[in-house]
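# Structural features, examined
Now for the letters of each chain:
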Amino acid sequence: MISHEKLVWGHGFSFTDQPYLTSLFEDVQDLGTPLTIVVGAGVSMNAGLLSWRELIEKMVGQIKDENLRRMAAQDTSDPMRKAEIVLQLIKKALPEQDDSGRYDARIIRTALYPRNALRSPGLLARSIARLVVARKRNVRLITTNFDTVLEKALEGYFEPTQVRSFSLDTYPEWRKWGQLGKIGVLHVHGVIRPPRSRAKFSGPIVLTESQFFKKGAHVREIIATNLADANAVFVGLSMTDPNLVGPMYESRDPSLQRYALAVPDNIPGADNSAESTRYAIEAAEFMERELGLATVFLKSYSQLNQVISDLSLAIEEQVRYQPGGELVYENRLRKTLDVCYSRIGCVDEEQIPRGPAAERLHDKLYAALHAENGPVSVLRRLSGESRTGGRDGENLALFLWLGCRRTYALNLVASSAYLHREPWSIRWWEQPIDRDSTIVAVNAIYMGTNIAANLPSAPGVKVWRGIMACPIVMNSMSSKKSINGVPLDTVTIGAITLNSTHYVDRRDLPANGGHSAVLALDAEQTDEVFTSIAQAAKAVLSE
């Protein structure tokens, strides 16, 4: 396993520093051995949905009695026990009782999905879908999630009729579906579909303590069966779940490998993310010793997605994708960053353009912001709001951040609002990519997803009140391989932000201050704005 020092101070995704990376890639490239992928809440969170704990906290808001709601919000019970209590308090106020699970599913669905729509699948779900294609469908997909994010991603690469959701009560059909060469996702905790879907839920719902008592043995049996004859990769999961740990212990086989791809969690009591990383690595040694689980720790969820994405490239480029070869992530990232820095006018090892080059980059960002399909035009069209700009309207600007060439960090290289002719005038450079950062662009890279966030209110001090941030994913052009027209040779090279003088996140709205036109949009429309921001970055970085 990677050492604490190498993960904290190194680059993370490195065949030199990560002892298990080479065997992970070799085992996934072995198409003759089945591969079981077990997916957890991290994949849902990458698509803008909630973690397990966040879901339960969101459910608390549906308790009608104000005093009970306040006490439930402060309850620090184990999540399964708290879920039990919260569901009972909500259902107690309903006019009738129903043991079919219908009410449970309705309560969970209300908390689970964002307003008006299911967001698009995140980068991680799409990378898993491409891996299924690259593996010639020789993959079993199991998830502990309620949502259908993974199915939505798969439908981008397979005919929708080939993709189906299954639950505990349809497990035999899931096995048969896979034997037919079709793609089934087994939801061992049940399926809860978005509000617009015809079928709202299926299978027994497993969230509370009593539900785990009733169904846990069946869940463990199914997982153990599907680990017994396959290599396995666990993605976005808490490896403390007994329904996962038990099957791994019972089905351990030295001839088969189990891998967990993980980003160290925040540990209560740790002084900083480095201390949390140290604790997580020490704790994972038990899983390695007792369960044979090889944990590959990454520095961010962008890196976790990069590993999954690179596994598909490695399958399609088995000869060229070898440790030390030109296609490994480190070499492709460096090559792509060199090209991007050159395109913005940096010379040699410069990381921030100066003089005329800085002026040209500033102008390109301004042009991208106001282009026909740029963020300003898209936001005006979707919101019907024309009062952008001016003293009293909402003012917007693009800020471009690129990854450092030497460390795992971000540099602010330019903005459309300010012209920096000399590097010394830019405050934000070499910002480490870690969980503790207060920089929204860094948060987007760390989480590997689009983020909208409000900045702390400080009248007269800060111009910007809200930020929408997108990771920038570029084709490194080292390989021409693709799946369904989507290039496999991609790397995350930075982030771009749309800064607003108004607040952009409805979850954290101060009492006073302007509200961005973004807040009038539903989830699908908000995704369209994010897409326009990402496209602006590609326009600026194009040749």
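One structure accompanies this document, and this report is about it. (Residues numbered from 1 in each chain as written. Predicted model: local features only at pLDDT ≥ 70, side-chain atom pairs only at ≥ 80, totals over all residues. Heavy atoms only, no water.)

### Considerations on the overall build of the protein chain
- Secondary structure summary: the protein chain contains 19 helices and 17 strands in total.
- For 543 residues, the compact-globule formula gives about 24 Å, and the C-alpha radius of gyration of the protein chain, at 24 Å, lands near that figure.
- For the C-alpha atoms alone, the extent of the protein chain along its principal axes is close to 65 × 60 × 45 Å.
- Every one of the 543 residues in the protein chain was classed for burial, and the buried ones make up 55%. (Helix = DSSP H or I, 4+ residues; strand = E, 2+ residues; numbered from the N terminus. Rg over C-alpha atoms; globule rule 2.2 N^0.38 Å. Buried < 20%, exposed > 50% of the residue type's maximum accessible area, 1.4 Å probe, protein only.)

### Some points on the sheet that holds strand E12 (residues 431–432)
- Ordered by their spatial adjacency, six strands build an open sheet running E12-E11-E10-E17-E14-E13, and the pairing between neighbours is antiparallel. What marks the edges here is a single partner per strand, and that holds for E12 and strand E13 (451–454).
- Relative to strand E14 (residues 466–475), E13 runs antiparallel, the two sharing four bridges. The residue bridging Ala453 from the neighbouring strand is Ile467, located in E14.
- Sitting on the sheet, helix H15 (residues 329–343) is in contact with strand E10 (396–403), strand E11 (409–415), E14 and strand E17 (490–500), with an inclination near 45° to E17. (Pairing = 2+ DSSP bridges. Contact = heavy atoms within 4.5 Å. Axes fitted to C-alpha atoms, helices over the stretch in contact; angles between N-to-C directions.)

### Here's the deal with the packing of aromatic side chains
- For the coordinates displayed, the defined rule picks out twelve aromatic pairs.
- Pairing Phe15 with Phe25 gives two aromatic rings, centres 5.2 Å apart and planes at 65°, and the pair type is edge-to-face. Of this pair, Phe15 sits in the loop between helix H1 (4–9) and helix H2 (21–29) while Phe25 is found in helix H2, placing the two residues ten residues apart along the sequence. Pair check on accessibility: Phe15 and Phe25 agree, each one buried.
- Both rings, one in Phe166 and one in Trp177, keep their centres 6.1 Å apart while their planes meet at 55°; by these two values the pair is tilted. Here Phe166, found in strand E3 (residues 163–167), pairs with Trp177, found in helix H10 (residues 171–179); they are eleven residues apart in sequence, far enough to count as distant. (Phe/Tyr/Trp six-rings, centres within 6.5 Å; stacked < 30°, edge-to-face > 60°.)

### Overview of the sheet that holds strand E7 (residues 231–235)
- Spatially, seven strands are ordered E3-E4-E2-E1-E7-E8-E9 in an open sheet, and the strand pairing comes out parallel. Edge strands, defined here as strands with exactly one partner in the open sheet, are E3 and strand E9 (293–297). Between one strand axis and the next, the sheet turns by 20° as a mean value, whatever way the strands run.
- Of the strand pairs in this sheet, strand E2 (residues 139–143) and strand E4 (residues 183–187) are connected by three bridges, and their pairing is parallel. In the strand pairing of E4, Ile142 is matched with Leu186.
- Contacts from helix H8 (residues 123–134) reach strand E1 (35–39), E2, E4 and E7 within the one sheet, and its direction differs from that of E2 by about 155°.

### Topic: the packing of H10 against helix H11 (residues 209–227)
- Between H10 and H11, the least distance of the axes is 12 Å, while the angle of their chain directions is 20°. Comparing the axis directions of H10 and H11 gives the class roughly parallel. When you trace H10 past H11, the crossing you get is right-handed. Each of Tyr171, Trp174 and Arg175 in H10 lies in contact with H11, whose residues at this interface are Ile222, Thr225 and Asn226.
- When its residues are assigned to classes, the contact of H10 with H11 shows three nonpolar, two polar and one charged. (Parallel < 35°, antiparallel > 145°, perpendicular 65-115°, else oblique. Left-handed = near helix turned anticlockwise from the far one by under 90°. Nonpolar A, V, L, I, M, F, W, Y, C, P; charged D, E, K, R; others polar.)

### Quick notes on the environment of Val347
- Residue position: Val347 is located in the loop between H15 and helix H16 (355–369).
- Relative accessible area serves as the criterion here: at 48%, Val347 is assigned to the partly exposed category.
- Sequence separation of Val347 and Ala357 is ten residues, and the distance between their C-alpha atoms is 9.9 Å.

### So, the pairing of E3
- With four of its five residues buried, E3 lies for the most part within the structure.
- Two elements, E3 and E4, share five bridges in a ladder whose sense is parallel. For Arg164, the partnering residue across the bridge sits in E4 and is Gly184.
- Between E3 and its parallel partner E4, the chain crosses via H10, and the hand of that crossover is right-handed. (Right-handed = clockwise from strand over helix to strand, strands pointing away.)

### Considering the environment of Val263
- Considering the arrangement of structural elements, one finds Val263 in the loop between strand E8 (258–262) and helix H13 (273–291).
- Spatially, the C-alpha atom of Val263 lies 30 Å from that of Tyr171, the residues being 92 residues apart in sequence.
- Those residues within four positions of Val263 in sequence are excluded, and the remaining contacts are Leu298, Lys299, Ser300, Tyr301, Leu304 and Tyr446.

### Points about the nonpolar core
- Leu24, Phe25, Leu141, Leu154 and Ile493 are the most contacted members of the largest nonpolar core, which has 135 residues in total.
- Per-element accounting of this core gives the leading share, eight residues, to helix H14 (residues 301–316).
- If near-sequence neighbours (up to four positions away) are discounted, Leu154 is found in contact with Ala129, Val132, Leu141, Val163, Ile183 and Val185.
- Membership of the second largest hydrophobic core comes to 26 residues, among which are Phe166, Phe212, Ala232 and Leu291. (Core = buried A, V, L, I, M, F, W, Y, C linked by side-chain atoms within 4.5 Å.)

### Let's talk about unusual backbone geometry
- Phi at Asp348 takes a positive value of approximately 55°, unusual for a residue other than glycine.
- With respect to the element layout, Asp348 can be found in the loop between H15 and H16.
- Here the phi dihedral of Met477 falls at roughly 65°; this positive angle occurs in a residue that is not glycine.
- Looking at where Met477 falls in the secondary structure, it is placed in the loop between E14 and strand E15 (482–483).
- Classification of Met477 as exposed rests on a relative accessible area of 61%.

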